[in-house]
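# Coordinate inspection notes
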Amino acid sequence: MPADEARVISPMGAKLKKHWRVVFYPLGMTPALWLVWQGQHGALGADPVNVFERSLGLWAFRLLLVCLALAPLRRFTGLNLLRYRRLTGLLAFFYASLHLLAYAGLDHGFDWSVLWTDVTHRYFIIFGMSALFMLIPLAQTSNMFSMRLLKRRWKLLHSLIFPAAVLAGIHFFLSFKTLNSVSAPYLAALAIVLLSRFLPRFQAGSRL
Amino acid sequence: MVLFRYPRPLPSEITPKEMYLSRRSLIGGATALGALTTAARAAALQTHSGPYSGSLTPTPHDDVTHYNNFYEFGMDKGDPAAHSQDFHPLPWTLEITGLVRKPVRLDIDQLLHSPAIEERIYRMRCVEAWSMVIPWDGIPLASLLKDADPDPKATHVAFESVLRPSEMPGQNEGLSGIQWPYVEGLRLDEAMNPLTLLALGIYGETLPNQNGAPIRLVVPWKYGFKGIKSIQRIRLLDHEPPTTWNRLASDEYGFYANVNPQVDHPRWSQATERVIGSHSLFGATRQPTLMFNGYGEQVADLYRGMDLRKNF
């Protein structure tokens, strides 16, 4: 579609496309701000630290799932939202970092001996922590400069998102006492976005 | 211009209004006020202060009744209060059978009007590393077991909760892998300990559904999941009975489940606990967990010579 035509049809849409970062990054922060506001106004219930910590972790996992879903989405529906991978990936990292901060600071008051034991002894924590550490280099290299610098290795480096998602999924599963109707749909979604990569590619123009 | 400053307590330090109102020792009519604010079906109990009421400050009534683990009504802490309205705790019969000389069937009305009901203000430590202080009203389990006259061969006590999928939505959830009804157990000497209580109420009123109506177990030196709710059957046995959480994950939840800050859960430390009731994200408190939840003086002898790491 010629550019001038797009402008005529939807000037708002074109503007949004150009300046979408300005809209979506703050939008992505609202759950965190909302949680802080709720926390300060007694709206997170009787165990606010726990709810806050878990909600941040859940948002990180949700955004990671959305980030991972964009490639299969294009492949199977043709809808191309790949440009939002950086946005969703960075927001996932942002929430995972806040989640870690809430766990270490709010929940454990930066009690290093407790945290050290957790990090060295408990698989539940080790899985979550490893997932976050894998996202660090991805967040660091999520710019055009790094892409140009690393060339092919950039893609290889960014495939770290797959083990990170698997570890985050196990960490999420272990954060409940049993499998349940809250965790099961998320785990199913993770399985779908990961496994869909192994399905045969739909050939445009083929007769099925 | 500020001429004079006086020290102001933090909001978290002020006793909530509904809590000081519901202290029956202060005002006789206060229970009526408490009943207005929560659990419409709760009825006042004739109760008196027991020997273990202590000087603990109870967790606000609203938190005790809206922050619950009762998976029969759902897994979220708010689910039991939200989804237990269809449960019918009355009429109810409690059976004490098995290795006893005088099996008994107790009608709940009889128990609810028993002069033996006393108030016990106990610490409650959940295995998930949070804690409350709850003013229970109940009857020591030992007195009911004595009435049934245990056979000398009896070594353990098994408790069984209720199976009512039509009234308990959580029992229809197949994903959890939990086998219903919920079952728990104690060694006979633990069951006979004076601290062990069959609770019929909290805060001077009959138990709300979400807290285990009409009758539940309270074993204050053990993690909360030992406190089986809505008990229908108590059986005396000559062997250790299976228990729900142990059956599900034996490496995480032992038969004894004594509160022990030195023995961690595989997924988290048990050395400290989050105190429920602050409602403030940045003002929440964490406190050290006490051995046997602070009841070592009364119960440590039960476990003398035992390896508590192995028998966790």
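Note on numbering: residues in each chain are counted from 1, in written sequence order. Working convention: letters from A go to chains and numbers from 1 go to ligands, in the order in which they are written. Local features are withheld for residues below a pLDDT of 70 in this predicted model, meaning they are given only at 70 or higher, and side-chain atom pairs are given and counted only at 80 or more; totals for whole chains, interfaces and linings count all residues.

### Focus: the overall build of chain A
Filter applied, for reference: Secondary structure follows DSSP: runs of H or I at least 4 residues long count as helices, runs of E at least 2 residues long count as strands, and numbering of each begins at the N terminus. The burial criterion counts other C-beta atoms lying within 10 Å of a residue's C-beta, which is placed from the backbone; the residue is buried at 20 or more, exposed at 12 or fewer, and partly exposed between these limits. Here, residue contact means that the backbone-derived C-beta atoms of the two residues sit within 7 Å.
Counting its regular elements, chain A contains 10 helices and 0 strands. Considering chain A as a whole, with its 208 residues, one finds that 26% of them fall into the buried category. Counting contacts in chain A only where the partners sit at least 6 residues apart, residues at least 24 apart contribute 61% of the total.

### Thoughts on the UniProt feature "binding site: Mo-molybdopterin" (unreviewed entry) in chain B
Residue and element names in this part refer to chain B. For clarity, the cut-off: UniProt positions are given in the numbering used here, feature names are shortened, and annotations may be inferred rather than shown by experiment.
UniProt annotation of "binding site: Mo-molybdopterin" (unreviewed entry) refers to N68, Y71, E72, C126, S161, N211, R216, G227, I228 and K229 when read in the numbering used here. Its place among the elements puts N68 in the loop between α3 (61-66) and α4 (79-83). Using a count of 25 C-beta atoms within 10 Å as the deciding quantity, one classes N68 as buried. Apart from the residues within four sequence positions on either side, N68 is in contact with K77, P80, A81, Q210 and N211. Position of G227 relative to the elements: it lies in the loop between β10 (216-218) and β11 (233-237).

### Focus: the interface of chain A and chain B
Let me state the cut-off plainly: Each residue gets one label: Ala, Val, Leu, Ile, Met, Phe, Trp, Tyr, Cys and Pro are nonpolar, Asp, Glu, Lys and Arg are charged, and the others, such as Gly, are polar.
If you look at the interface, chain A gives 24 residues, while chain B gives 24 residues. If one sorts the elements of the side of chain A that touches chain B by residue count, helix α3 (residues 48-77) of chain A sits on top with 4 residues. A breakdown of the residues in the side of chain A that touches chain B according to their chemical character gives 11 nonpolar, 10 polar and 3 charged.

### Focus: the UniProt feature "domain: Ferric oxidoreductase" (unreviewed entry) in chain A
The positions UniProt marks with the feature "domain: Ferric oxidoreductase" (unreviewed entry) are residues 56-168 of chain A. Taken end to end, residues 56-168 of chain A is 84% helix and 0% strand, and its two terminal C-alpha atoms sit 13 Å from one another.

### Examining the UniProt feature "domain: Oxidoreductase molybdopterin-binding" (unreviewed entry) in chain B
Here, UniProt's "domain: Oxidoreductase molybdopterin-binding" (unreviewed entry) annotation points to residues 88-245 of chain B. Between the first and last C-alpha atoms of residues 88-245 of chain B the distance is 25 Å; the span itself is 13% helix and 35% strand.

### Points about helix α6 (residues 141-148) of chain B
All names here are of chain B. Basically, it comes down to this: As used here, the arc belongs to the directions running from the helix axis to the C-beta atoms.
Along α6, the positions that sit buried rather than exposed are L141, L145 and A148. Along the axis of α6, the buried positions cluster into a sector of 55 degrees, meaning they face one direction only. Exposed side of α6, more than 90 degrees from the buried face: K146 and D147 are the residues found there. Tucked inside the fold, the buried residues of α6 contact β2 (93-98), β3 (104-107), β5 (130-140), α7 (188-192) and β8 (197-202). Looking at the residues trailing α6, positive phi occurs at D149, about 55 degrees.

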